[in-house]
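Analysis of the macromolecular model
Chain by chain, the residues:
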Amino acid sequence: GSDIRSRLGNPAFTDPMDNGNNWPTGVDVAGYTSIAFNNGQMQLTGLKTTSGWRLSTYGVDLRDFYIEARITPGQCKGNDRYGIYFRVPDKTKPDQGYWYGLTCDGRYALQRWDGKVAPDGQVTNLIFWKKNDAILAGPNQTNTLGVMAIGSRIYLYANGKLLDQRDSDTWLQGAFGVFVGGRETPNFTIQVDEINVWTNPVAP
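The sections below set out a description of the structure shown in this document. Small disclaimer: the values here were computed from a predicted structure and weren't measured.

With that out of the way, let us pick up the packing of aromatic side chains. Enumeration over the complete set of coordinates arrives at 12 aromatic pairs. Plain terms: the ring middles of Trp-53 and Trp-99 are 5.8 Å apart, the flat faces sit at 50 degrees to each other, and that makes the pair tilted. Of this pair, Trp-53 sits in strand S5 (residues 52-55) while Trp-99 sits in strand S8 (residues 96-103), and the two are 46 residues apart along the sequence. Residue Trp-53 shares its accessibility class with Trp-99, and that shared class is buried. Ring plane angle 15 degrees and centroid distance 5.3 Å describe the contact between Trp-99 and Trp-113, whose orientation is recorded as stacked. Of this pair, Trp-99 sits in strand S8 while Trp-113 sits in strand S9 (residues 107-114), and the two are 14 residues apart along the sequence. Here Trp-99 falls in the buried class, since its relative accessible area comes to 7%. What makes Trp-113 buried here is its relative accessible area of 13%. An aromatic cluster of at least three residues, connected via ring pairs, comprises Trp-53, Tyr-85, Trp-99, Trp-113 and Phe-179. Note that Lys-48 overlies the ring of Tyr-32, its terminal NZ or CZ placed 4.3 Å from the centroid.

Okay, here's the thing in structure tokens:
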């Protein structure tokens, strides 16, 4: 485990991804993603070139938290992206929230997504795609993504290393999930083999 995990102690919630008890399974209504569970992993497939996501049924109103997800992208290249979707204010219509994403070629970003802005929604780059050596680039490379949110401050981690931080107070609580965006690879699929959530963590 990473230094941050030893500092925070035991998580409030662990999802080993052995089954879909905490996730809606199958193809979503709009046809953006499909989910399956195999060999102790969740497989999330992007069915379009835009990003699609699924929310966990756990922790739908998290305020201050640290979420860590161990994710392995399958066949991918360049701009194919994946990551954690968090502070989604309305779980019944999850068209607003923050994306912490990694690309297949080893970049990261923090983006605010507001799908209610006409006509096609609005992405605001809080941190535009940046390279970092802590991220393992390429297909079939496992990365542990971590996002800590305390008040308006958001901290991004990869493989236990603090990458960056920003302030944004648009949404201060909400649901979380994972997202996938196959910009270059049709049916881009990621494997998520564990998610852990700590509540009310102490800032780094």
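Attention now moves to the state of the cysteines. Structurally, a disulfide amounts to a covalent bond that connects the sulfur atoms of two cysteines. On inspection of all chains with the given rule, the structure shows 1 disulfide. The disulfide partner of Cys-76 is Cys-104, and the gap between their sulfur atoms is 2.1 Å. Between Cys-76 and Cys-104, the S-S dihedral sits near 70 degrees, and the bridge is therefore right-handed. Separated by 28 residues along the polypeptide, Cys-76 in the loop between strand S6 (65-73) and strand S7 (81-88) and Cys-104 in the loop between S8 and S9 bring together distant segments of the chain. When its relative accessible area of 6% is taken as the criterion, Cys-76 is described as buried. Residue Cys-104 is classed as buried on the basis of its relative accessible area of 4%.

All right, on to the side chain of Asp-80 then. Mapped onto the fold, Asp-80 is located in the loop between S6 and S7. We note that Asp-80 is buried and unpaired, the nearest opposite charge coming from Lys-77 at a distance of 6.5 Å. One polar contact links Asp-80 to Thr-185, side chain to side chain, over a distance of 2.4 Å. Residues in contact with Asp-80, not counting those within four places in the same chain, are Leu-102, Thr-103, Cys-104, Gly-181, Gly-182, Arg-183, Glu-184, Thr-185 and Phe-188.

A few words now on the environment of Thr-33. Mapped onto the fold, Thr-33 is located in strand S3 (residues 33-38). Along the sequence, Thr-33 and Thr-189 sit 156 residues apart, while their C-alpha atoms lie 9.4 Å from each other. With sequence-adjacent residues up to four places away left out, Thr-33 is seen in contact with Gly-26, Val-27, Asp-28, Leu-44, Thr-45, Leu-47, Gly-52, Trp-53, Arg-54 and Val-180. A polar side-chain atom of Thr-33 sits 2.9 Å from a polar atom in the side chain of Arg-54.

About the thresholds
- Residues numbered from 1 in each chain as written.
- Predicted model: local features only at pLDDT ≥ 70, side-chain atom pairs only at ≥ 80, totals over all residues.
- Heavy atoms only, no water.
- Phe/Tyr/Trp six-rings, centres within 6.5 Å; stacked < 30°, edge-to-face > 60°.
- Helix = DSSP H or I, 4+ residues; strand = E, 2+ residues; numbered from the N terminus.
- Buried < 20%, exposed > 50% of the residue type's maximum accessible area, 1.4 Å probe, protein only.
- Lys NZ or Arg CZ within 6 Å of the ring centre and 35° of its normal.
- Disulfide = S-S within 2.5 Å.
- Lys, Arg positive; Asp, Glu negative; His and termini not counted.
- Salt bridge = Lys/Arg side-chain N within 4 Å of Asp/Glu carboxyl O.
- Polar contact = N/O pair within 3.5 Å; in protein donor to acceptor, adjacent residues only side chain to side chain.
- Contact = heavy atoms within 4.5 Å.

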